[in-house]
2 protein chains.
Amino acid sequence: MKLLTTGMAALAVAVGVKAYNSSLDISSNATAMNSSVGNEPGRPLIHLTPNVGWMNDPNGLFYDEETSVWHTYYQFNPNDNVWGLPLYWGHASSKDLINWENHGVAIEPENDKNGAFSGSIVVDRNNTSGFFDNSTAPGQRIVALYTEQSTVGESQYAAYSLDGGYSFQYYEQNPVLDINSTQFRDPKVFWHDETERWIMTLALSQEYKIQIYTSENLKSWELQSNFSHHGILGYQYECPGLAKVPVVHDSPSNVTVSNNNLTTVDHKWVMFLSINPGAPMGGSFNEYFIGDFDGKTFTADDAATRVVDMGKDFYAMQTFSDAPNGDVIGLAWASNWDYSAYVPTEVWRSSMSLARNLTLRPNSPNPETTQLALYSEPLIDYSALSTNQSMRKTSLELSSEETVTYRLAKAAEGLLEFSLEWKVNSSALPSKHEFADMSIYLRGVEDDDEYLRLGYEVNAAAFFLDRGNSEEDFVNSNPLFTTRLAHFIEIFRVAEDGLPIYKVRGIIDRNIIELFINDGSLTSTNLFFLSEENYLGIVELSSNVDDVFTILNFEVKQLGLKDE
Amino acid sequence: MKLLTTGMAALAVAVGVKAYNSSLDISSNATAMNSSVGNEPGRPLIHLTPNVGWMNDPNGLFYDEETSVWHTYYQFNPNDNVWGLPLYWGHASSKDLINWENHGVAIEPENDKNGAFSGSIVVDRNNTSGFFDNSTAPGQRIVALYTEQSTVGESQYAAYSLDGGYSFQYYEQNPVLDINSTQFRDPKVFWHDETERWIMTLALSQEYKIQIYTSENLKSWELQSNFSHHGILGYQYECPGLAKVPVVHDSPSNVTVSNNNLTTVDHKWVMFLSINPGAPMGGSFNEYFIGDFDGKTFTADDAATRVVDMGKDFYAMQTFSDAPNGDVIGLAWASNWDYSAYVPTEVWRSSMSLARNLTLRPNSPNPETTQLALYSEPLIDYSALSTNQSMRKTSLELSSEETVTYRLAKAAEGLLEFSLEWKVNSSALPSKHEFADMSIYLRGVEDDDEYLRLGYEVNAAAFFLDRGNSEEDFVNSNPLFTTRLAHFIEIFRVAEDGLPIYKVRGIIDRNIIELFINDGSLTSTNLFFLSEENYLGIVELSSNVDDVFTILNFEVKQLGLKDE
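Just so we're clear, the structure is a prediction, and the values are computed from it rather than from any experiment.

On the chain A side, the residues contacting the 67 residues of chain B number 67 residues. Of the roughly 5,700 Å² buried between chain B and chain A on both sides combined, carbon and sulfur atoms contribute 56%. Three residues stand out in chain B for area buried against chain A, namely B:H433, B:P479 and B:R484, and they jointly supply 16% of the buried area on that side. For the pair chain B and chain A, the interface holds zero salt bridges. At the boundary of chain B and chain A, one finds 39 residue pairs in polar contact (both at pLDDT 80 or more). The class makeup of the residues in the side of chain B that touches chain A is 31 nonpolar, 22 polar and 14 charged. Relative to strand 18 (residues 303–304) of chain B, strand 14 (residues 230–231) of chain A runs parallel, the two being bridged by two bridges. Across the sheet, A:G231 pairs through a bridge with B:A304, a residue of strand 18 of chain B.

Okay, the side chain of A:S205 next. All names here are of chain A. Here S205 is to be found in the loop between strand 11 (197–204) and strand 12 (209–215). Given a relative accessible area of 0%, S205 falls into the buried group. A polar contact of 2.8 Å, which involves the side chain of S205, links it to the backbone oxygen of Y237. Once you skip the residues sitting within four places of it in the chain, S205 turns out to touch Q183, R185, Q236 and Y237.

Turning our eyes to something else, we now look at the environment of B:E110. Residue and element names in this part refer to chain B. Checked against the element boundaries, E110 lands in the loop between strand 4 (101–107) and strand 5 (115–123). Through-space distance from the C-alpha of E110 to that of S150 is 8.6 Å; in sequence the pair is 40 residues apart. Apart from the residues lying within four places of it in its own chain, the contact partners of E110 are E148 and Y157. At a separation of 3.1 Å, a polar atom in the side chain of E110 contacts the side chain of Y157.

Our focus in this paragraph is the sheet that holds strand 13 (residues 222–228) of chain A. All names here are of chain A. Strands sit in the order 10-11-12-13 across an open sheet of four strands; the sheet is antiparallel. In the strand order of this sheet, the two ends are held by strand 10 (184–192) and strand 13, each with one partner. Recorded for the sheet is a direction-independent mean angle of 25° between the axes of neighbouring strands. Both strand 10 and strand 11 contribute to a ladder of seven bridges, which runs antiparallel. Counted as the bridge partner of V189 is M200 from strand 11.

As summarised here, the arrangement of the five strands in space is 4-3-2-1-23 (chain A), forming an open sheet in which the pairing is mixed. Both edges of this open sheet fall to strand 4 (100–107) and strand 23 (348–349) of chain A, since each of them pairs with a single strand only.

Residue and element names in this part refer to chain A. For chain A, the assigned domains read domain 1 (5–378) and domain 2 (382–561). Averaged C-alpha coordinates put domain 1 and domain 2 at centres separated by 30 Å. Roughly 3,300 Å² is buried in total at the junction of domain 1 and domain 2, and carbon and sulfur atoms are behind 59% of that figure. A per-residue breakdown of the area domain 1 buries against domain 2 is headed by P41, L45 and P344, which together make up 19% of the total.

A few words now on the relation of the copies chain B and chain A. Note that the two copies of the chain are related through a rotation about an axis and a translation along the same axis. Least-squares fitting of chain B to chain A yields an RMSD of 0.0 Å, with the transformation described by 0.0 Å of translation along the axis and a rotation of 180°. The two molecules are tied by a two-fold rotation axis, judged by turn and shift. A share of 100% of interface residues in chain B that are also interface residues in chain A marks the association as one of identical surfaces.

Residue and element names in this part refer to chain A. Counted according to the given criterion, the structure contains 76 aromatic pairs over all chains. Consider the rings of Y73 and W89, whose centres lie 5.6 Å apart with planes at 45°: the pair is tilted. Taken as a pair, Y73 in strand 2 (residues 69–77) and W89 in strand 3 (residues 88–94) lie far apart in primary sequence, 16 residues in all. Three or more aromatic residues link up through ring pairs in this structure, and these residues are F62, Y73, W89, Y146, Y157 and F168. The lysine or arginine in question, R443, covers the ring of Y451, its NZ or CZ lying 4.6 Å from the ring centre. The ring centre of F481 lies 3.7 Å from the NZ or CZ of R467, which sits over that ring.

Parameters and conventions
- Residues numbered from 1 in each chain as written.
- Chains lettered and ligands numbered in written order.
- Predicted model: local features only at pLDDT ≥ 70, side-chain atom pairs only at ≥ 80, totals over all residues.
- Heavy atoms only, no water.
- Contact = heavy atoms within 4.5 Å.
- Buried area = accessible area lost by both parts, 1.4 Å probe.
- Salt bridge = Lys/Arg side-chain N within 4 Å of Asp/Glu carboxyl O.
- Polar contact = N/O pair within 3.5 Å; in protein donor to acceptor, adjacent residues only side chain to side chain.
- Nonpolar A, V, L, I, M, F, W, Y, C, P; charged D, E, K, R; others polar.
- Pairing = 2+ DSSP bridges.
- Helix = DSSP H or I, 4+ residues; strand = E, 2+ residues; numbered from the N terminus.
- Buried < 20%, exposed > 50% of the residue type's maximum accessible area, 1.4 Å probe, protein only.
- Axes fitted to C-alpha atoms, helices over the stretch in contact; angles between N-to-C directions.
- Domains from an automatic or database assignment.
- Least-squares fit on C-alpha atoms with pLDDT ≥ 70 in both.
- Phe/Tyr/Trp six-rings, centres within 6.5 Å; stacked < 30°, edge-to-face > 60°.
- Lys NZ or Arg CZ within 6 Å of the ring centre and 35° of its normal.

Here is the structure:
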């Protein structure tokens, strides 16, 4: 696909973002971006997209307790719908993590050959930086630490906001950290109560090192340790982040080994890491490591490599600073560098994932092991959504003779949620020759030859997704757009009759599906593309075998955004 | 696909394998299996397949220096073309690792409810076991250690052969190792010169532990250490193996960082491990860890997870005992448990990979790192092959206007080899909007709508493979048969003009393609299925962009097996 860059620039101007060779006036853009752009047929409804232009990594995520507003910044190229320099921090805010308002550019690079690359924001309540006085409420003392990428290298810059994160002043003595490297980026900062220091993790990308620095004032940083050569290495490390994640014991879990020593722990430290390219599934992905942190050094509990999201489109996850109750809430870029420049959207390109509440829970991947695993739960404020149509089915035996079909085409706008719990009786399988699937076909309302297929296959013990059934040229012609995925999933719980039960929840928003399996021990976030305005709304359940699958609970809702 | 088991059993009898409920007479089967079966249109020519029935993991690989014969055993169900009990060790031998002769069942389980599960063979030259006398040449003192799987658990058995590996006697005092576990299997044994002990690695599968035992006599084993919780864990660990792998310094490599401390090392120890299910790409895969071994404990150099083969169909790799010159030669099962029971072959199911010579070499995945990586080179004895047709092209500039087509349809039997070296001038790309591919289409001779597409895309820095373009029902209907793969590949070398050069070698044998990228720093082994007798023989080279790709060297050969 060839996009006319001139047309793009004209559109950018129309909605208030100035083109590449203009000087950007941040304050005037801030409100101008709040425009009527956003009702295009393909644009996700509850996932953050830029009004125009290109978006990648989430940056500077924080929660403003003064106003109860969530702020998200992001890598932003307002001048084109692919990545390019100069690169900015775009800014959006939300009261409910579903309805997002874009505010245009928040942070800009020093010149047009540079990029204001990824970084984070902290709330400097105690004014350790000296950037603030009493005119700024403690909960709005916003300091951004980010990477200034120039033609000679990458160094860390500070900027601060006196208006709650809508506009920024640049620290006069930038950089705050420079080690004369071209591959040194993505600072993520948090306050460590126990040692009363700021902690910064960032990537020495091509050396496969996560460096840990400490500071008392956000300006002067001291190297404490390196966490290196963990995980699948790929080409490079990006966007590391360390978080104190609560361990949840009193929630449903599939634990089969009870004599474990996990029950006394109320939190563990988790190091998040992004790899691109080099994911085994192709391109970009996120890994995590569970361990301990003493204020200087992160020590992983083991040498295992764990994956945050097994889908194709989940990268550069960052957690929010100052989330209420100490919750750890993550947001990721929902695309993949293997094909992000070519996905079939024009005005904007890319969205974020839904925000997710992250916890650790005991989990049994097999009968002999119980270990902590990351659980992700999507944060959806249902008070902001209307249910246009819904169906619920319990106790349904699947047979090979019959396809069960539900039409939820009323007011189909492409926002759909489903949850499914199923029981498997593999002893009813006549032989290992049988492809023993439970398949859910989610078909387009306008053209039911276009569909997503997902489901479970007994012999593979895997949940699968096929996003390849579309008329869209990009889907059919781009060989890097992996269409079929299969994820091993553990047993969610065992029924009274001894048979295993599994569970999945899915949220579909126009061109993105997020799957949360077994309460989120495995997630899979994937873009998909159908023909324009062919929204999913027909649901079919089928199986190739008899008497194997019992649907315990199946709910589907056709949702919409409430008028505000 | 539903296979008639009765038909299967009849066929099995016809070629000398008795059906499930018969008692197996190993000695009479040994020669009876050397039959005329094997000329079916879909059967690979130079990859080992069972004459009839089901095959999975390679077992007991060894080289007989007395006769210069390579022996391969394998998990074998002669009574059906899917996995099932009783499970046997099948046996095949080869003088050239290309022409294989099947010898039927070599080791059987104790009863029909059991399985003779995976294990290994050592040559007990010094008769440490006491199983031999002088009537057996030292190089043929064959001892097998394997897992007897019964209804109550998994324990390790010994058997020995007095006729060079064609028939086996079972040790009277089996098991040689039993820890009262149901998940304890796949012993791989080797002689450790430095400590003059036998070393056995096996998997405590569901505890994610590789246990290391030592013995003086192959009968009495002492636990020395556990190597645990490394790599992607998946559901379980299987088929571990430890090998002393030579480090090669004087071969071409892409090393960009010269001040590394790798140059003095002449070998490292490598731990191989198989995971199923749970590969990020879906289902089954092989990992490896580089480190040191002191005779009791394996210590990995780092906590990185490295992948032996990035394709979908490479599992349970084992190395040959007693390979000449201390070479480390691996062979893997070329399928994936996610769909292996459903692939469209009837008489037999599954093949092995080609044998590969394994070395470690300094490798630069990016400009700032040099580290050791596993290199794989396929072992192909060209004296056993005829070249029916070939083409070679040097210095070819790809343009978007022109598709370069070569027809190598003469005597197309489905055996094809190609090698390709290309240079990338990404500065010639007009914008990041362009899908910047070099694509090789390998099309069927009988029906050119069926094809494999593979190639390189500049923005992804990835080599891709698409095996989805087929009329075969299995390919189109099985959602776990991932059709598109993308692998990050590093620069192979830099040209005099400063531009990066990449390289791939591919061997295609009817329904399997093995890719060796940059001399084998990354390999990708994948099954593919076209309509019957539609062998690949038309080669097209194309690109979506101009002036970016220069083909430095492109060779394709249509090969055949010489008549013996």
